[in-house]
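# Structural overview
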Amino acid sequence: MKRIIKGFFVFLLIIVIAAGVAAGINFVMNQNVYLTEYDYTSEKLPGAFDGCRIAVISDIHNSVYADKFIALLRQSKPDIVLFAGDMIQQPDTNLDNVLKIVNALPEEIPVYGIFGNHEASNGYVVRKQISGALREAGVTMLINSADDITKDGETIRIIGIEDKGDEVIGEEIVEQIKKTVQSNKLENAFQILAYHRADVYPKLHDLPVDLILSGHMHGGIIRVPFVGGVFGKNGELFPQYTEGMYKEMNTTMIVSRGCDYNPQKMRIFNPPEVVMVTLKRQ
(Lines give C-alpha, C1' and ligand atoms only; values in the text may rest on other atoms or scores of the structure.)
Protein backbone atom coordinates (compact mmCIF):
# COMPACT_ATOMS: atom_id res chain seq x y z
CA MET A 1 0.00 0.00 0.00
CA LYS A 2 2.85 2.39 0.88
CA ARG A 3 4.46 1.69 -2.51
CA ILE A 4 1.21 2.56 -4.27
CA ILE A 5 0.87 5.83 -2.35
CA LYS A 6 4.53 6.67 -2.96
CA GLY A 7 4.15 5.88 -6.65
CA PHE A 8 1.09 8.10 -6.87
CA PHE A 9 2.90 11.06 -5.31
CA VAL A 10 5.93 10.56 -7.61
CA PHE A 11 3.59 10.53 -10.61
CA LEU A 12 1.83 13.65 -9.31
CA LEU A 13 5.19 15.38 -8.79
CA ILE A 14 6.24 14.57 -12.36
CA ILE A 15 2.99 16.04 -13.66
CA VAL A 16 3.45 19.22 -11.60
CA ILE A 17 7.06 19.63 -12.76
CA ALA A 18 6.11 19.03 -16.41
CA ALA A 19 3.26 21.53 -16.14
CA GLY A 20 5.59 24.08 -14.56
CA VAL A 21 8.19 23.63 -17.31
CA ALA A 22 5.51 23.95 -20.01
CA ALA A 23 4.09 27.07 -18.36
CA GLY A 24 7.58 28.59 -18.15
CA ILE A 25 8.34 27.87 -21.81
CA ASN A 26 4.95 29.23 -22.80
CA PHE A 27 5.48 32.41 -20.77
CA VAL A 28 8.81 33.05 -22.48
CA MET A 29 7.37 32.33 -25.95
CA ASN A 30 4.52 34.76 -25.36
CA GLN A 31 6.85 37.64 -24.55
CA ASN A 32 7.83 38.04 -28.20
CA VAL A 33 6.25 38.36 -31.61
CA TYR A 34 7.68 36.06 -34.27
CA LEU A 35 7.90 36.42 -38.04
CA THR A 36 6.64 33.49 -40.10
CA GLU A 37 7.52 33.66 -43.79
CA TYR A 38 5.73 32.06 -46.73
CA ASP A 39 6.46 32.22 -50.46
CA TYR A 40 3.53 32.24 -52.87
CA THR A 41 4.35 31.63 -56.53
CA SER A 42 2.04 32.31 -59.47
CA GLU A 43 2.47 32.74 -63.21
CA LYS A 44 -0.35 35.30 -63.08
CA LEU A 45 1.63 37.65 -60.87
CA PRO A 46 2.76 40.75 -62.79
CA GLY A 47 6.53 41.00 -63.06
CA ALA A 48 6.57 44.34 -61.22
CA PHE A 49 5.31 42.55 -58.08
CA ASP A 50 7.85 39.73 -58.13
CA GLY A 51 9.30 39.80 -54.59
CA CYS A 52 6.52 41.96 -53.13
CA ARG A 53 6.19 41.32 -49.39
CA ILE A 54 2.83 41.47 -47.59
CA ALA A 55 2.77 41.56 -43.79
CA VAL A 56 -0.43 40.02 -42.37
CA ILE A 57 -1.40 41.06 -38.84
CA SER A 58 -4.47 39.11 -37.79
CA ASP A 59 -6.35 38.85 -34.48
CA ILE A 60 -4.22 41.53 -32.84
CA HIS A 61 -7.02 42.50 -30.42
CA ASN A 62 -5.24 45.81 -29.68
CA SER A 63 -2.33 43.79 -28.30
CA VAL A 64 0.18 45.25 -25.86
CA TYR A 65 2.95 44.16 -28.24
CA ALA A 66 2.76 47.36 -30.32
CA ASP A 67 6.44 48.25 -29.90
CA LYS A 68 7.48 44.70 -30.78
CA PHE A 69 5.33 44.85 -33.92
CA ILE A 70 6.88 48.14 -34.93
CA ALA A 71 10.42 46.80 -34.48
CA LEU A 72 9.59 43.60 -36.38
CA LEU A 73 8.01 45.47 -39.29
CA ARG A 74 10.94 47.88 -39.54
CA GLN A 75 13.32 44.94 -39.65
CA SER A 76 11.34 42.85 -42.16
CA LYS A 77 10.50 45.76 -44.52
CA PRO A 78 7.09 44.81 -45.98
CA ASP A 79 5.77 46.48 -49.13
CA ILE A 80 2.13 46.13 -48.01
CA VAL A 81 0.55 45.69 -44.55
CA LEU A 82 -2.82 44.01 -43.98
CA PHE A 83 -4.72 44.00 -40.69
CA ALA A 84 -6.80 40.89 -41.29
CA GLY A 85 -9.59 41.44 -38.76
CA ASP A 86 -10.19 41.45 -35.00
CA MET A 87 -8.21 44.61 -34.35
CA ILE A 88 -10.24 45.22 -31.17
CA GLN A 89 -11.08 43.01 -28.18
CA GLN A 90 -14.86 42.96 -27.86
CA PRO A 91 -16.54 44.61 -25.92
CA ASP A 92 -13.65 47.09 -25.70
CA THR A 93 -13.29 49.17 -28.86
CA ASN A 94 -9.88 50.65 -28.04
CA LEU A 95 -7.54 50.88 -31.06
CA ASP A 96 -4.63 52.76 -29.49
CA ASN A 97 -2.01 50.07 -30.02
CA VAL A 98 -3.17 49.35 -33.57
CA LEU A 99 -3.02 53.05 -34.42
CA LYS A 100 0.44 53.28 -32.84
CA ILE A 101 1.65 50.61 -35.28
CA VAL A 102 -0.01 52.28 -38.27
CA ASN A 103 1.43 55.69 -37.40
CA ALA A 104 4.93 54.20 -37.13
CA LEU A 105 4.86 52.80 -40.67
CA PRO A 106 6.45 54.73 -43.55
CA GLU A 107 3.84 56.72 -45.49
CA GLU A 108 4.69 55.01 -48.78
CA ILE A 109 3.57 51.58 -47.49
CA PRO A 110 -0.10 50.84 -48.34
CA VAL A 111 -1.97 49.68 -45.22
CA TYR A 112 -5.25 47.79 -45.51
CA GLY A 113 -7.81 46.66 -42.94
CA ILE A 114 -10.81 44.35 -42.85
CA PHE A 115 -13.36 43.73 -40.12
CA GLY A 116 -13.33 40.46 -38.21
CA ASN A 117 -16.04 39.09 -35.94
CA HIS A 118 -15.01 41.31 -33.01
CA GLU A 119 -15.57 44.47 -35.07
CA ALA A 120 -18.68 43.05 -36.71
CA SER A 121 -20.29 42.30 -33.33
CA ASN A 122 -20.70 46.04 -32.73
CA GLY A 123 -23.55 48.10 -34.11
CA TYR A 124 -23.28 50.24 -37.23
CA VAL A 125 -22.38 53.42 -35.33
CA VAL A 126 -19.44 51.82 -33.49
CA ARG A 127 -18.19 50.08 -36.65
CA LYS A 128 -18.29 53.43 -38.44
CA GLN A 129 -16.27 55.04 -35.62
CA ILE A 130 -13.67 52.26 -35.78
CA SER A 131 -13.46 52.50 -39.55
CA GLY A 132 -13.21 56.30 -39.38
CA ALA A 133 -10.33 56.23 -36.88
CA LEU A 134 -8.41 53.77 -39.02
CA ARG A 135 -9.04 55.70 -42.23
CA GLU A 136 -7.90 58.92 -40.57
CA ALA A 137 -4.63 57.17 -39.69
CA GLY A 138 -4.16 56.21 -43.34
CA VAL A 139 -5.63 52.69 -43.45
CA THR A 140 -7.61 51.75 -46.55
CA MET A 141 -10.61 49.89 -45.16
CA LEU A 142 -11.90 47.13 -47.41
CA ILE A 143 -15.52 46.71 -46.40
CA ASN A 144 -16.93 44.49 -49.13
CA SER A 145 -14.83 46.47 -51.58
CA ALA A 146 -11.59 46.33 -53.55
CA ASP A 147 -8.51 48.41 -54.17
CA ASP A 148 -5.87 48.28 -56.88
CA ILE A 149 -2.15 48.50 -56.22
CA THR A 150 -0.17 49.68 -59.23
CA LYS A 151 3.57 49.47 -59.77
CA ASP A 152 5.50 50.21 -62.96
CA GLY A 153 2.27 50.24 -64.92
CA GLU A 154 1.11 46.81 -63.65
CA THR A 155 -1.72 46.13 -61.21
CA ILE A 156 -2.86 43.63 -58.61
CA ARG A 157 -6.21 43.84 -56.85
CA ILE A 158 -7.03 43.21 -53.20
CA ILE A 159 -10.64 42.47 -52.23
CA GLY A 160 -11.82 42.71 -48.62
CA ILE A 161 -14.89 41.07 -47.09
CA GLU A 162 -16.53 42.36 -43.90
CA ASP A 163 -17.26 39.71 -41.28
CA LYS A 164 -20.91 39.32 -40.26
CA GLY A 165 -20.21 38.53 -36.61
CA ASP A 166 -22.30 35.35 -36.64
CA GLU A 167 -20.99 32.45 -34.58
CA VAL A 168 -21.40 30.10 -37.54
CA ILE A 169 -21.26 31.21 -41.17
CA GLY A 170 -24.23 29.70 -43.01
CA GLU A 171 -24.85 29.16 -46.69
CA GLU A 172 -26.70 32.46 -47.11
CA ILE A 173 -23.67 34.46 -45.94
CA VAL A 174 -21.36 32.31 -48.07
CA GLU A 175 -23.44 33.17 -51.13
CA GLN A 176 -23.23 36.87 -50.23
CA ILE A 177 -19.45 36.60 -49.97
CA LYS A 178 -19.25 34.93 -53.38
CA LYS A 179 -21.42 37.61 -54.99
CA THR A 180 -19.32 40.37 -53.42
CA VAL A 181 -16.10 38.82 -54.71
CA GLN A 182 -17.58 38.34 -58.18
CA SER A 183 -18.74 41.96 -58.32
CA ASN A 184 -15.32 43.26 -57.23
CA LYS A 185 -13.03 41.07 -59.30
CA LEU A 186 -10.84 42.50 -62.05
CA GLU A 187 -10.75 40.32 -65.14
CA ASN A 188 -7.40 38.69 -65.94
CA ALA A 189 -5.74 40.29 -62.90
CA PHE A 190 -3.87 38.75 -60.01
CA GLN A 191 -6.29 38.98 -57.09
CA ILE A 192 -5.96 38.65 -53.33
CA LEU A 193 -8.94 38.11 -51.05
CA ALA A 194 -8.68 39.35 -47.46
CA TYR A 195 -11.27 37.49 -45.38
CA HIS A 196 -11.01 36.93 -41.63
CA ARG A 197 -12.39 33.41 -41.18
CA ALA A 198 -10.04 30.67 -42.32
CA ASP A 199 -12.49 27.93 -41.35
CA VAL A 200 -14.87 28.98 -44.15
CA TYR A 201 -12.20 28.14 -46.74
CA PRO A 202 -13.81 24.86 -47.95
CA LYS A 203 -16.82 26.91 -49.05
CA LEU A 204 -14.71 29.58 -50.76
CA HIS A 205 -11.84 27.69 -52.37
CA ASP A 206 -13.46 27.81 -55.81
CA LEU A 207 -13.60 31.62 -55.92
CA PRO A 208 -11.94 33.48 -58.83
CA VAL A 209 -9.09 34.75 -56.65
CA ASP A 210 -5.50 33.58 -56.50
CA LEU A 211 -4.70 33.97 -52.82
CA ILE A 212 -6.74 34.27 -49.61
CA LEU A 213 -5.18 35.87 -46.51
CA SER A 214 -6.94 34.92 -43.30
CA GLY A 215 -6.84 34.32 -39.55
CA HIS A 216 -9.53 33.85 -36.87
CA MET A 217 -8.44 30.39 -35.66
CA HIS A 218 -5.77 31.59 -33.20
CA GLY A 219 -3.59 28.63 -34.14
CA GLY A 220 -5.94 26.29 -32.31
CA ILE A 221 -5.11 27.99 -28.95
CA ILE A 222 -2.96 25.04 -27.81
CA ARG A 223 -0.55 23.52 -30.33
CA VAL A 224 0.86 20.02 -30.08
CA PRO A 225 4.02 19.12 -32.06
CA PHE A 226 3.26 17.02 -35.16
CA VAL A 227 -0.47 17.34 -34.42
CA GLY A 228 -1.30 21.04 -34.74
CA GLY A 229 -4.04 23.11 -33.15
CA VAL A 230 -6.20 21.50 -30.50
CA PHE A 231 -9.30 23.72 -30.18
CA GLY A 232 -11.50 25.27 -32.84
CA LYS A 233 -13.39 28.54 -32.45
CA ASN A 234 -16.61 26.63 -31.78
CA GLY A 235 -15.08 24.18 -29.31
CA GLU A 236 -14.34 21.37 -31.75
CA LEU A 237 -11.17 19.33 -31.28
CA PHE A 238 -8.27 19.35 -33.75
CA PRO A 239 -9.76 21.80 -36.24
CA GLN A 240 -8.41 22.33 -39.74
CA TYR A 241 -6.95 25.55 -41.15
CA THR A 242 -5.38 26.83 -37.93
CA GLU A 243 -2.11 28.06 -39.47
CA GLY A 244 0.02 27.86 -42.58
CA MET A 245 -0.58 27.46 -46.30
CA TYR A 246 -3.39 25.44 -47.88
CA LYS A 247 -4.07 24.69 -51.55
CA GLU A 248 -7.49 23.42 -52.58
CA MET A 249 -9.09 23.73 -56.01
CA ASN A 250 -8.45 27.18 -57.54
CA THR A 251 -7.19 29.08 -54.55
CA THR A 252 -4.34 29.06 -52.03
CA MET A 253 -5.00 30.29 -48.49
CA ILE A 254 -2.40 31.47 -45.97
CA VAL A 255 -3.54 31.60 -42.34
CA SER A 256 -2.03 33.57 -39.48
CA ARG A 257 -2.08 32.11 -35.97
CA GLY A 258 -2.80 35.64 -34.76
CA CYS A 259 -0.85 37.90 -32.45
CA ASP A 260 -2.95 38.78 -29.43
CA TYR A 261 -1.99 38.66 -25.78
CA ASN A 262 -4.70 37.58 -23.37
CA PRO A 263 -3.63 36.10 -20.00
CA GLN A 264 -7.12 34.65 -19.59
CA LYS A 265 -6.76 32.68 -22.83
CA MET A 266 -3.15 31.58 -22.97
CA ARG A 267 -1.58 30.56 -26.27
CA ILE A 268 0.16 27.29 -25.40
CA PHE A 269 3.19 26.57 -27.64
CA ASN A 270 1.51 29.00 -30.00
CA PRO A 271 3.37 32.31 -29.81
CA PRO A 272 2.10 35.50 -31.50
CA GLU A 273 3.18 35.87 -35.10
CA VAL A 274 3.25 38.28 -38.00
CA VAL A 275 2.89 36.43 -41.29
CA MET A 276 5.05 37.68 -44.16
CA VAL A 277 3.97 36.54 -47.63
CA THR A 278 6.46 37.04 -50.46
CA LEU A 279 4.83 37.02 -53.88
CA LYS A 280 6.92 35.40 -56.59
CA ARG A 281 6.39 35.15 -60.31
CA GLN A 282 6.73 31.60 -61.59
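Here the structure is a predicted model, which is why all the values come from computation and not from measurement.

Here the focus is unusual backbone geometry. Excluding glycine, residues mostly carry a negative phi; peptide bonds, for their part, are mostly trans. A cis amide bond, omega 5 degrees, links Q90 with the succeeding residue P91. Examined against the element boundaries, P91 turns out to sit in the loop between β3 (80-84) and α3 (96-104). In this structure, H61 is a non-glycine residue whose phi angle is positive, near 50 degrees. Considering the arrangement of structural elements, one finds H61 in the loop between β2 (53-57) and α2 (66-76). The backbone of N188 sits at a positive phi, close to 65 degrees, despite the residue not being glycine. Looking at where N188 falls in the secondary structure, it is placed in the loop between α6 (171-184) and β8 (190-197).

The next subject is α6. The first and last C-alpha atoms of α6 sit 20 Å apart over 14 residues, in line with the 20 Å expected at 1.5 Å per residue. Taken together, the buried positions of α6 are I173, V174, I177, T180, V181 and N184. Here the buried residues of α6 occupy an arc of 125 degrees about the axis, which is enough to place them on one side. Across from the buried face of α6, at angles greater than 90 degrees, the exposed residues are E172, K179 and S183. Elements in contact with the buried residues of α6: β6 (145-151), β7 (154-160) and β8.

Turning our eyes to something else, we now look at the side chain of T180. Position of T180 relative to the elements: it lies in helix α6. Once residues lying within four places of it in the same chain are set aside, the contact partners of T180 are N144 and I161.

Next up on the list: the pattern of salt bridges. Enumeration according to the criterion identifies 12 salt bridges in this entry. With its nearest N and O atoms 3.1 Å apart, the salt bridge here joins R53 to E37. Of the two residues, R53 sits in strand β2 while E37 sits in strand β1 (residues 34-42), which places them 16 residues apart along the sequence. On the basis of relative accessible area, E37 is assigned to the partly exposed category, the value being 44%. Residues R157 and D148 are paired through a salt bridge, measuring 2.6 Å at the closest nitrogen-oxygen approach. Residue R157 is classed as buried on the basis of its relative accessible area, which comes to 15%. For D148, a relative accessible area of 33% corresponds to the partly exposed category.

Calculation notes
- Residues numbered from 1 in each chain as written.
- Predicted model: local features only at pLDDT ≥ 70, side-chain atom pairs only at ≥ 80, totals over all residues.
- Heavy atoms only, no water.
- Helix = DSSP H or I, 4+ residues; strand = E, 2+ residues; numbered from the N terminus.
- Expected span 1.5 Å × (residues − 1).
- Buried < 20%, exposed > 50% of the residue type's maximum accessible area, 1.4 Å probe, protein only.
- Arc of directions from axis to C-beta.
- Contact = heavy atoms within 4.5 Å.
- Salt bridge = Lys/Arg side-chain N within 4 Å of Asp/Glu carboxyl O.

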